[in-house]
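Structural characterization, general
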Amino acid sequence: MKKYAFGVDIGGTTVKMGLFETDGTLCDTWEIKTRTENAGAEILSDIADSIGGELEKNEISTGQVEGIGMGVPGPVGADGTVFHCVNLGWGTFNVEQEMQALTGFRTKAGNDANVAALGEMWMGGGKGYEHLVMVTLGTGVGGGVILNGKILPGFNGAGGEIGHMPVRDDEPESCGCGKHGCLEQYTSANGVARVARNYLKTHKDKTILREIEVDAVTSKDVFDAAKNQDPVALQLVNDFGKTLGKALAQVACVVNPQAFVIGGGMAKAGDIVIDVIRKHYVEYAFHAARGTLFKLVTLGNNAGIYGGVKMILDE
């Protein structure tokens, strides 16, 4: 095993990168802008140039580098083929082969949520558990499935896309994916805010949420109000927990994880998030899966770069 490896987490706005020693020690992190113009044609070359600069800065020879592991915001097949990354402008191509051609380093790529889950399993909130599901509650709902310590990508990289599980048939508004009634329409940060705004517009209950302009209400406002025992906010949070807890009970019937690791911006609300999800999860879970643990992430925005390195080490 060589001494160093690079972890790369490609986002729609920035690319986060890390230089690691292969024992898991993080040596340096930095970011570059994600240039999505021209269908993202410059993204990989920008990453390659940045890695080259990091090697030069630290006086590291190419012979000391084990490889590059990358998280990509879209489906990635087992052979490294990306199947359309809308936020980057990418179509279908083999991202591993292209990055290896640009740098000369062995490269592994995976869906960003799956890679982040691997990072949390290795060095984060899921450390010690080889069977886990990471749930990211942010703008949308992301998921990553780890079984036997390995990412479960699915046939064409869509494994773990729990945010697009259908949970309601009567939803008039469409999800970003084009369907109606997806999990993330109710349990993402945007989803909780959407549900809260719709409620405030159609009900007259007294609530401290009315102190905020209705179209400006956020998920943070809802959870903050619930912590202050506001009855409307408590009901909204309970509905959130019931929807997500029931969905995760269904996930557990398929993959039976040891733990669910909860991350994303909404996880910053803390125990109130974990507690309400767990409460309803136990109600719906198959008896053999009721003991599944719920953990908060600990690596934050670094989970993806840790997971990238772990992919390379596991090859």
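**Notes on the environment of Gly-74**
For Gly-74, the position within the fold is in the loop between strand 4 (65-72) and strand 5 (81-85). Look at Gly-74 and you get buried, because its relative accessible area is 6%. Taking the C-alpha atoms as reference points, Gly-74 and Asp-112, 38 residues apart in sequence, are found 7.2 Å from one another. Those residues in contact with Gly-74 that lie beyond four places of it in its chain are His-84, Cys-85 and Asn-111.

**Some remarks on the packing of helix 6 (residues 189-202) against helix 8 (residues 231-255)**
For any two helices packed against each other, one specifies the crossing angle of their axes together with the interaxial distance. Direction vectors running N to C along helix 6 and helix 8 enclose 135°, while the axes themselves pass 11 Å from each other. The orientation of helix 6 with respect to helix 8, classified from their angle, is oblique. Taken as a pair, helix 6 and helix 8 cross one another with a handedness that is right-handed. Counted together, Val-192, Val-195, Ala-196 and Tyr-199 of helix 6 and Val-232, Leu-236 and Phe-240 of helix 8 form the full contact between these two elements. When the residues that make up the contact of helix 6 with helix 8 are grouped by side-chain class, the tally is seven nonpolar, no polar and no charged.

**Quick look at the sheet that holds strand 3 (residues 26-33)**
Read across the sheet, five strands follow the order 3-2-1-4-7 without closing on themselves; strand pairing throughout is mixed. Each end of this open sheet is capped by a strand with a single partner; those strands are strand 3 and strand 7 (107-111). Neighbour to neighbour, the strand axes of the sheet diverge by 15° on average, direction disregarded. Bridging between strand 1 (residues 4-10) and strand 4 involves five bridges; their strand directions are parallel. Bridge pairing links Asp-9 to Gly-71 in strand 4.

**So, the pattern of salt bridges**
Counted by the stated rule, this structure contains 13 salt bridges. Arg-194 is the partner of Glu-171 in a salt bridge, and the nearest nitrogen-oxygen pair spans 3.2 Å. Note that Glu-171 is positioned in the loop between strand 10 (150-151) and helix 5 (184-187) and Arg-194 in helix 6, a separation of 23 residues in sequence. Residue classification places Glu-171 among the buried residues on the basis of a relative accessible area of 12%. Taken together, the shared-partner salt bridges in this structure form one network comprising Asp-28, Glu-54 and Lys-57.

**What to know about the confidence of the model for the chain**
Looking at the chain as a whole, its pLDDT mean stands at 94, while 100% of the residues score no less than 70. Put simply, strand 5 is where the chain has its lowest mean pLDDT, 87, and helix 8 is where it has its highest, 98.

**Here's the deal with the pairing of strand 4**
Judged by how many residues are buried, strand 4 sits mostly within the fold: eight of eight residues are covered. Judged from the five bridges that link them, strand 4 and strand 7 form a sheet pairing that is parallel. Bridging across to strand 7, Val-72 finds its partner in Asn-111.

**Here we look at unusual backbone geometry**
The phi torsion at Asn-38 lies on the positive side, around 55°, for a residue other than glycine. In this fold, Asn-38 is placed in helix 1 (residues 37-40).

**Remarks on the nonpolar core**
Ranked by internal contacts, the top residues of the largest apolar core, which has 44 residues, are Leu-137, Phe-240, Leu-248 and Phe-260. At the level of elements, strand 8 (132-137), strand 9 (141-147), helix 6, helix 7 (219-227), helix 8, strand 11 (259-263) and helix 9 (271-284) are the ones that each hand at least two residues to this core. In terms of residue count, helix 8 provides more of this core than any other element does, 12 residues in total. The contacts of Phe-240, once residues within four sequence positions are left out, are Leu-137, Tyr-186, Thr-187, Val-192, Phe-223, Met-266, Val-273, Val-276 and Ile-277. Core analysis: the second largest hydrophobic core is formed by 29 residues, Tyr-4, Val-8, Ile-68 and Val-76 among them.

**Brief notes about the packing of aromatic side chains**
Under the criterion given, the structure shown has eight aromatic pairs. Relative to Phe-93, the ring of Trp-90 lies with its centre 5.1 Å away and its plane at 80°, an arrangement referred to as edge-to-face. On the numbers, 5.2 Å between centres and 70° between planes, the contact of Tyr-281 with Phe-294 is edge-to-face. Of the two residues, Tyr-281 sits in helix 9 while Phe-294 sits in strand 12 (residues 293-296), which places them 13 residues apart along the sequence. Across the pair, exposure class does not vary: Tyr-281 and Phe-294 are buried alike. Of the aromatic side chains, those joined through ring pairs into one cluster are Phe-20, Trp-122 and Tyr-306.

**Considering the environment of Ile-277**
By secondary structure assignment, the location of Ile-277 is in helix 9. Exposure remark for Ile-277: the relative accessible area of 0% places this residue in the buried category. Distance from Ile-277 to Lys-246, taken between C-alpha atoms, is 8.5 Å for residues 31 residues apart in sequence. Each residue touching Ile-277, except ones within four places of it in the same chain, is listed here: Leu-137, Phe-240, Gly-241, Leu-244, Gly-245, Leu-248 and Phe-294.

**Description of helix 3 (residues 95-103)**
The set of residues buried in helix 3 consists of Val-95, Glu-96, Met-99 and Thr-103. End-on, the buried residues of helix 3 take up no more than an arc of 100°, which puts them together on one face. For helix 3, the exposed residues lying more than 90 degrees away from the buried face are Gln-97 and Ala-101. Against helix 2 (43-58), strand 4, strand 5, strand 6 (90-94) and strand 7 lie the buried residues of helix 3. One side-chain oxygen at the N-terminal end of helix 3 lies 3.1 Å from the backbone nitrogen of Glu-96; it belongs to Asn-94. Just beyond helix 3, the residue with positive phi is Gly-104, at close to 85°.

What counts, and where the lines are drawn
Residues numbered from 1 in each chain as written. Predicted model: local features only at pLDDT ≥ 70, side-chain atom pairs only at ≥ 80, totals over all residues. Heavy atoms only, no water. Helix = DSSP H or I, 4+ residues; strand = E, 2+ residues; numbered from the N terminus. Buried < 20%, exposed > 50% of the residue type's maximum accessible area, 1.4 Å probe, protein only. Contact = heavy atoms within 4.5 Å. Axes fitted to C-alpha atoms, helices over the stretch in contact; angles between N-to-C directions. Parallel < 35°, antiparallel > 145°, perpendicular 65-115°, else oblique. Left-handed = near helix turned anticlockwise from the far one by under 90°. Nonpolar A, V, L, I, M, F, W, Y, C, P; charged D, E, K, R; others polar. Pairing = 2+ DSSP bridges. Salt bridge = Lys/Arg side-chain N within 4 Å of Asp/Glu carboxyl O. pLDDT = per-residue confidence, 0-100. Core = buried A, V, L, I, M, F, W, Y, C linked by side-chain atoms within 4.5 Å. Phe/Tyr/Trp six-rings, centres within 6.5 Å; stacked < 30°, edge-to-face > 60°. Arc of directions from axis to C-beta. Polar contact = N/O pair within 3.5 Å; in protein donor to acceptor, adjacent residues only side chain to side chain.

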